[in-house]
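# Structure assessment
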Amino acid sequence: MLAMSAGRYMHKYGATEEHMAIVSAKSHRDALDNPYAHVQKAVSVEDVLKSNYLCWPIKLLDACPSSSGACAMILCSEEKAKSATRTPAWIKGVGHRLETYWLGDRMGESATYDHADAHALSLAIQDAYRMAGVRDPLKEIDVAELYSAFSNVEMHAVEAAGFCKKGEAPKLYEKGFFTRNSELPVNPSGGTLCSNPIAVTAMVRVAEAALQVQGKAGAHQVEGARRALATGCGGDHECFGAMIVDRDK
């Protein structure tokens, strides 16, 4: 289903397999600094392009692993949070949306939404932004952990998050815009592409976002991160969640 999305995205916006490889190489590079990452191996753009096809245009190094792992978070009231830690991560916004049930409803000339994009994800993120009072995500979000099980997904995810317009992501990846040292780091942990404990993968995105705003992300910490976006995805790429966490109450 996401190989079809990748093909549609390439047709619609002119993206290439090399753009996907740039995303993969970025994630693998960042995962080297995350002790919890399943895959800790540097790969180059050329390595990705030479890896075996799973389902065109997705190749082995464009795809996430099947990981074993666990995640835990403590959710509590404001009063208990203050006594539990000196650096709580405050939940400021939440959003959940569903895409069409049938994948085919997102394809063809009669489709309401285009399978190249992530319409429902965009709505979920907008709901979270609205609740958190975020009006200009490019300026107000410091770091993002976006659920991206395949390299092509991250491109339409950054667009759904409002970090750029539809179809602009490939060129921005060429320029290194979403690297850890860029204006807006995306998946500095290595993301789902390098760790995928399936039952809790989306939860890990929130946990990583929380660690970032708490200043506890270790070697992959984004300096000065105060507000983070985390997203999750499930089902037939149809169930989406988004959460904003903040250092400040």
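Description of the structure in this document. Note that the structure is predicted; figures quoted are calculated from it, not measured.

Parameters at a glance
- Residues numbered from 1 in each chain as written.
- Predicted model: local features only at pLDDT ≥ 70, side-chain atom pairs only at ≥ 80, totals over all residues.
- Heavy atoms only, no water.
- Core = buried A, V, L, I, M, F, W, Y, C linked by side-chain atoms within 4.5 Å.
- Buried < 20%, exposed > 50% of the residue type's maximum accessible area, 1.4 Å probe, protein only.
- Helix = DSSP H or I, 4+ residues; strand = E, 2+ residues; numbered from the N terminus.
- Axes fitted to C-alpha atoms, helices over the stretch in contact; angles between N-to-C directions.
- Parallel < 35°, antiparallel > 145°, perpendicular 65-115°, else oblique.
- Contact = heavy atoms within 4.5 Å.
- Nonpolar A, V, L, I, M, F, W, Y, C, P; charged D, E, K, R; others polar.
- Salt bridge = Lys/Arg side-chain N within 4 Å of Asp/Glu carboxyl O.

### Some remarks on the nonpolar core
With 51 residues, the main nonpolar core has Tyr-129, Val-158, Phe-163 and Leu-229 as its most contacted residues. Of all the elements in the fold, those that place two or more residues in this core are α1 (2-13), α2 (17-31), α3 (45-50), α5 (119-132), α7 (151-160), α8 (169-174), β5 (227-234) and β6 (239-246). Broken down by element, the residue count for this core peaks at 7 residues, all from α5. Among the nonpolar cores identified, the runner-up in size contains 10 residues, and Val-206, Ala-209, Ala-228 and Met-243 belong to it.

### A short note on the packing of α2 against α7
The geometry of a pair of packed helices is captured by two quantities: the angle between their axes and the separation between those axes. The interhelical angle for the contact between α2 and α7, taken along N-to-C directions, is 95 degrees, at an axis separation of 8 Å. In terms of orientation, α2 and α7 fall into the roughly perpendicular class. Seen from α2, the contacting residues are His-19, Met-20, Val-23, Ser-24, Lys-26 and Ser-27; seen from α7, they are Ser-151, Asn-152, Glu-154 and Met-155. Partitioned by chemical class, the residues of the contact of α2 with α7 number 3 nonpolar, 5 polar and 2 charged.

### Considerations on the pattern of salt bridges
One pass over the full model with this rule turns up 18 salt bridges. Here Asp-127 makes a salt bridge to Arg-97, at a shortest N to O gap of 2.8 Å. Of the two residues, Asp-127 sits in helix α5 while Arg-97 sits in strand β3 (residues 90-98), which places them 30 residues apart along the sequence. Shared partners join several salt bridges into a network, and the residues in it are Arg-8, Lys-12, Asp-114, Asp-117 and Lys-166.

Geometric values such as these leave the question of function open.
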